[in-house]
Each structure stands twice: as C-alpha cells, then as structure tokens.
Amino acid sequence: GQNIDQPTEMTATEGAIVQINCTYQTSGFNGLFWYQQHAGEAPTFLSYNVLDGLEEKGRFSSFLSRSKGYSYLLLKELQMKDSASYLCAVRVDRGSTLGRLYFGRGTQLTVWP
Amino acid sequence: DAGITQSPRHKVTETGTPVTLRCHQTENHRYMYWYRQDPGHGLRLIHYSYGVKDTDKGEVSDGYSVSRSKTEDFLLTLESATSSQTSVYFCAISESNRGPLNYGYTFGSGTRLTVV
C-alpha cells in the first residue's frame, strides 16, 4: 500500500504563517495534491505539484521534493476561515491503479483570533 | 462547479438492511470513485469505475457492491448494513487519469449514513 504521513492537528493565530508537512512512500508516484475540507463539507482542490519546487497561488503555496518524498503546504496571512482539515493525496500511476489518488489522514488546522 | 450530486444526504438505517447510495454527475467524466471517511482513517477507497460496466475494488470493498449502467450514475450498495459501515460516504469524479496535467478529483457533498 501507500504510506502517507501528515500531522494530525496544528494550531496557529490569525495573520500568522503555518506550514503543513506531508511525507510519502510509494511507487508509481506521479503528483501530489492538497485538498481543503471544512467540517461537514466535501474536500476541495487547493494545489497540485508534479515537479520539484514551489507552486504559489495567492496566500497558499505548495512545495514538492520527489527525491525526499516530501511536500508541504504553506498558508500565509491566516484567516479564521482557514480553520479546516488539509488533506495530502498522492497520485499513483502503476498498473491497475493508474490515476488513483491515495489520501493521508488529514491535518486539522485551528486558527485562533 | 462540476455537476456532481449525491443522494440521499443523510440516512439512518437498521442493521441487516440493504442500502443504496447514488452519485450523479453531469460532466460526462469517465472516472468515478466511492470513498468512505472516518475519524482517524481519512478517505479510503471502496470501489471505483473507469467507465460503463467497468468497475473494480478499492482497499475497503468488503460488504459493498457498485454498479454503473450509465456514464452519469454510480451506485454504491451496502448489501446488509452493519454498524461498522456507519460513515460519511463521498463520491468523486475525474476527467482523466492520463497525462501530466492536473487531473485531480472533484467530490460530491457526501452522504452521512448511520446504521443502528
């Protein structure tokens, strides 16, 4: 199976910066996704990395190192509405699992005023 | 937004009864997935489909079956519901599974199922 690890919980204050890490061990790796999920709602897409480096999208950035099996999601200028669970997912392209996503357990972020 | 709807949104059922959840999409996407989400486990794949009448098992398929007779509908059936199947069920769709582009998933709003 796939081994995807991320912290269970994190807290931060409004206006701060927080980094959520994700490590993975998998064969057939072909991209890493970050999703945001508010309580009681569906996961929504945040970012996608397939090459090494940083992808920036407004207040959110995502980094990938394929050689280290490591990614992080960086959230800047935190707002209360950023309180949510953040899911790391790896795409596996290998045989019958072509294109499938495997999810970590999610990191619950709480933003305090 | 991708047109994907799940029904029902909430359901309470008794142990031993069959239950069918429906996922409907209007995007004509080929790939559809059923996940369950439980505290401490994250999203786990139950079954998936790569096209009409083309389905396969995921990691937690025991006690579940699926059918896809039309591109737009993917049905998940709990053959005889048990309390361990109390969960939130998400359907997801994907445009493709090939290429270097961002072919992630779009999720439905979920079905909260309680088996008593």
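Residues numbered from 1 in each chain as written. Chains lettered and ligands numbered in written order. Predicted model: local features only at pLDDT ≥ 70, side-chain atom pairs only at ≥ 80, totals over all residues. Heavy atoms only, no water.

Draft legend 1. Layout of unusual backbone geometry. At the junction of Ser7(B) and Pro8(B), the peptide bond is cis and its omega measures out at -10° in the coordinates. By the element assignment, Pro8(B) lies in the loop between strand E1 (4-7) and strand E2 (10-13). Even without being a glycine, Glu77(A) presents a positive backbone phi close to 45°. Its place among the elements puts Glu77(A) in the loop between strand E8 (70-75) and strand E9 (84-92). A positive phi angle is found at Asn28(B), which is not glycine, with a value near 60°. Positionally, Asn28(B) belongs in the loop between strand E3 (19-25) and strand E4 (31-38). (Helix = DSSP H or I, 4+ residues; strand = E, 2+ residues; numbered from the N terminus.)

Draft legend 2. Spatial organisation of the layout of surface pockets. The volume enclosed by the largest pocket comes to roughly 1,000 Å³. Around the largest pocket sit 44 residues that line it, and Gln37(B), Asp38(B), His41(B), Gly42(B) and Leu43(B) are the ones nearest its centre. Among the elements of the structure, strand E1 (3-5), E9 and strand E10 (100-103) of chain A together with E4, strand E5 (42-51), strand E9 (87-94) and strand E11 (111-115) of chain B are those that each provide at least two residues to the lining of the largest pocket. Along the lines of polarity and charge, the residues of the lining of the largest pocket split into 13 nonpolar, 22 polar and 9 charged. (1 Å grid on protein atoms, 1.4 Å probe; cavity = no way out; pocket = protein on both sides within 12 Å on 5 of 7 lines; lining within 4 Å. Points joined across faces, edges and corners; volume = space filled by probe spheres on them. Nonpolar A, V, L, I, M, F, W, Y, C, P; charged D, E, K, R; others polar.)

Draft legend 3. Representation of the sheet that holds strand E7 (residues 64-70) of chain B in the model. Residue and element names in this part refer to chain B. The strand order across the open sheet built from 4 strands is E1-E3-E8-E7, with neighbouring strands paired in antiparallel fashion. Each edge of the open sheet is held by one strand with a lone partner, namely E1 and E7. Sheet twist, expressed as the average angle between the axes of neighbouring strands with direction ignored, equals 20°. Relative to strand E8 (residues 73-78), E7 is paired through 5 bridges, and the arrangement is antiparallel. Paired with Val66 across the bridge in E8 is Leu76. (Pairing = 2+ DSSP bridges. Axes fitted to C-alpha atoms, helices over the stretch in contact; angles between N-to-C directions.)

Draft legend 4. Layout of the packing of aromatic side chains. Residues and elements named next belong to chain B. Applying the stated rule across the entire model yields 21 aromatic pairs over all chains. Arranged with centres 5.0 Å apart and planes meeting at 80°, the rings of Tyr31 and Tyr50 form a pair that is edge-to-face. Of the two residues, Tyr31 is situated in strand E4 and Tyr50 in strand E5; the sequence distance between them amounts to 19 residues. Among the residues examined, Tyr31 registers a relative accessible area of 4% and is labelled buried. On the basis of an interplanar angle of 25° and a centroid distance of 6.3 Å, the ring pair of Tyr33 and Tyr48 is categorised as stacked. Of the two residues, Tyr33 is situated in strand E4 and Tyr48 in strand E5; the sequence distance between them amounts to 15 residues. Judged by relative accessible area, which is 0%, Tyr33 ranks as buried. (Phe/Tyr/Trp six-rings, centres within 6.5 Å; stacked < 30°, edge-to-face > 60°. Buried < 20%, exposed > 50% of the residue type's maximum accessible area, 1.4 Å probe, protein only.)

Draft legend 5. Seen up close, the pattern of salt bridges. All names here are of chain B. The full count for this structure, using the stated rule, is 7 salt bridges over all chains. Between Arg44 and Asp38 there is a salt bridge whose closest N-O contact spans 2.9 Å. Lys70 serves as the salt-bridge partner of Asp73, at 3.4 Å between the closest nitrogen and oxygen. Classification of Asp73 as buried rests on a relative accessible area of 9%. Connected through salt bridges with shared partners, the residues Arg22, Lys70 and Asp73 form a single ionic network. (Salt bridge = Lys/Arg side-chain N within 4 Å of Asp/Glu carboxyl O.)

Draft legend 6. Looking closely at the nonpolar core. One finds Leu32(A), Trp34(A), Leu75(A), Tyr86(A) and Val90(A) to be the most contacted residues of the largest nonpolar core, which totals 23 residues. Taken together, the elements giving at least two residues each to this core come down to strand E3 (18-25), strand E4 (29-37), strand E7 (60-65), E8, E9 and strand E11 (107-112) of chain A. Per-element tally for this core: the top contributor is E9(A), with 5 residues. In this view, Leu32(A) contacts Cys22(A), Tyr24(A), Ser47(A), Tyr48(A), Asn49(A), Leu64(A), Ser71(A), Cys88(A), Ala89(A) and Val90(A); residues no more than four positions away in its chain are not counted. Counting 21 residues, the second-largest nonpolar core is a separate cluster that includes Ala89(A), Tyr48(B), Ala92(B) and Tyr105(B). (Core = buried A, V, L, I, M, F, W, Y, C linked by side-chain atoms within 4.5 Å. Contact = heavy atoms within 4.5 Å.)

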